[in-house]
Amino acid sequence: MSKTIIISNRLPLQIKLEDNEINVSPSVGGLATGMKSVHEEGDSLWIGWSGLAEEDLNDETREKVQKEIEKNKCAMVPLTENEVDHFYYGFSNKTLWPLFHYFMEYTTFENENWECYKEVNKKFADVVLEHAEDGDTIWVHDYQLLLLPGYIKEKKPDTSIGFFLHIPFPSFEVFRTFPWREEVLRGMLGSDLIGFHTYDYERHFLSSARRLLHLDTNFNEISYDDRIIKIDSFPMGIDFKKFYNAALNHENEELEKSDIQKRLDEHLHSSDDCKLILSIDRLDYTKGIPNRIKAFEYFLEKYPEYQQKVRLVMLAVPSRSNVPQYQLLKRETDELVGRINGKFSTVSWTPIWYFYRSLPFENLIDLYTSCDVAMITPVRDGMNLVAKEYVATRVHQDGVLVLSEMAGAAKEMNEALLINPNNFEGIAQTLKQALEMPKEEQKTRISLMQERLERYSVEKWAEEFFTALNSTKQVRNTLVSK
Ligand code: GDG
């Protein structure tokens, strides 16, 4: 009986260690949700890092972690602090992340990090090869594991390997600057199916494969190493029902109120007719946070009648805070918020409510359901699930999504108001349009987007990827039997 192996940098578990005791809970992220049914049903195994460095564990705690992981149908790839430093913070987040998001000025090319990236990908391969058998279906996720498909295919050619990239694949002109470009392409081409969020990323990949490796391509297929590899786009969805139902329940239940909800309640029950504009992102330079704040400042200056009538509620979730660019961004964001609040605030009104923390799911729903407009302005973003989640929670079909055309999500959400994140004039006019949009128009736009989100949910995304991967298996079998 063949089985399914899912591999991502992190396991779909949150593992906390306190006083030699470990606490394990399931992750709530999009990937974990999407793969849940695949992982729970049938014979399946999820391989990844636990989030704890080897140095944090002793024999006793390692055994406990191991047991919990096995109980959850997972297997662990052990990583040392040094590996986390060079593979994760180093190569993944100082080289691949900025380069693939077109931040070339932030990209470092350190040979030591590259060597460690290769070693860790091999470590992942070793764990996969301990478990994989001919006929198994293997799904590898994201930019931390670009070399892994190649390492697996070399040793286990009779497995079906799918790879999905959650971030953009950059254009050839950017990718060609990368010193290890051929090795990385060859690593990805160990797969039988390579998936991206959008057709543009797929096109960029095909172009790099053609121009750098001189490979033959036929539409979306590449001939490589006596194999045909299929390249396709699979825009990732969300667990629509989870968000929609949470928003419905939220209206009925008396939940324990967070400081944010108390503040939102005060606002909603106050007599002023101030509207709320929401933004939620990890504090990451790709998300266009400084641009958004500056565009909001421009809006308040250009349309002074909106001063005291609108407020930006901004949740920035701490992320990768030991990478210097993220520390600089934090400082810049703090300063910009301070400057704008200092410039415009009155005794009764502060233009920006800024929260730098991560919130429990229920509070995320508080934010989504309380805000009139969501303003999502990444300068580059593979997909952007926050845009989709905001729309899914609008159970009265009101609200307006202002979305950057640089987010993969913009390709599917035509009814959003699309903006260029660098055009402050355009953003200001679009914000005004959003704040003044008639209810009927809001309803038309939101319902159309909701229908699409419900139909193309994250489960559907996973199902379609697996169907495409299995069809590559059938094509291979036919070729072999000929
Ligand atoms: C990468 C790509 C692509 C956020 N704050 C809190 C919280 N969240 C949840 C949101 C959403 C997720 O985190 C963020 O997803 P995004 O898609 O917006 O962004 P990335 O983290 O950059 O994800 C991206 C994605 O992979 C999937 O392929 O879309 O382009 O960069 O689900 O709800 N959740 C909770 N508290 C928070 O404070 N509970």
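Just above, that's the structure.
None of these values were measured; they are calculated from a predicted model.

(A) Geometry of the nonpolar core. The biggest cluster of nonpolar side chains holds 132 residues, and the ones touching the most others in it are I7, A374, A387, L401, V402 and L403. The biggest single contributor to this core is helix 3 (residues 81–100), with eight residues. If sequence neighbours within four positions are ignored, I7 has contacts with I47, G48, F124, V128, I138, V140, H141, L145 and L148.

(B) Focus on the sheet that holds strand 4 (residues 44–49). One open sheet holds the nine strands; their spatial order is 5-4-1-6-7-8-11-10-9, and the pairing between them is mixed. Each edge of the open sheet is held by one strand with a lone partner, namely strand 5 (74–76) and strand 9 (216–218). The average angle at which neighbouring strand axes cross in this sheet is 20 degrees, direction not considered. With three bridges connecting them, strand 7 (residues 160–164) and strand 8 (residues 193–196) associate as parallel partners. Bridge pairing in strand 8 links F163 to I194. Sitting on the sheet, helix 1 (residues 30–40) touches strand 1 (4–10), strand 4 and strand 6 (137–141), and the angle it makes with strand 1 is about 160 degrees. Against the sheet, helix 8 (residues 199–213) makes contact with strand 8, strand 9, strand 10 (221–224) and strand 11 (227–233), and its axis sits at roughly 150 degrees relative to strand 11, the strand it touches most.

(C) Highlighting the site of the ligand. Contacts to the ligand come from 19 residues, most closely from H166, S358, G382, M383 and L385. Sorting the residues of the shell around the ligand by element identifies strand 12 (275–282), helix 13 (361–370) and helix 14 (385–392) as the ones contributing at least two each. In terms of residues, the shell around the ligand owes the most to one element, helix 14, which gives three residues. For the shell around the ligand, the per-class residue count stands at 11 nonpolar, five polar and three charged.

(D) Just unusual backbone geometry, in detail. Of note, the phi angle at K73 is positive, near 55 degrees, even though the residue is not glycine. Topologically, K73 is positioned in the loop between helix 2 (59–71) and strand 5. Note on K73: 14 C-beta atoms within 10 Å, which makes it partly exposed. At F219, a residue that is not glycine, the phi angle is positive and equals roughly 50 degrees. One can find F219 in the loop between strand 9 and strand 10.

Conventions adopted
Residues numbered from 1 in each chain as written. Predicted model: local features only at pLDDT ≥ 70, side-chain atom pairs only at ≥ 80, totals over all residues. Core = buried A, V, L, I, M, F, W, Y, C linked by C-beta atoms within 7 Å. Buried ≥ 20, exposed ≤ 12 C-beta atoms within 10 Å, placed from the backbone. Helix = DSSP H or I, 4+ residues; strand = E, 2+ residues; numbered from the N terminus. Contact = placed C-beta atoms within 7 Å. Pairing = 2+ DSSP bridges. Axes fitted to C-alpha atoms, helices over the stretch in contact; angles between N-to-C directions. Near = placed C-beta within 6 Å. Nonpolar A, V, L, I, M, F, W, Y, C, P; charged D, E, K, R; others polar.

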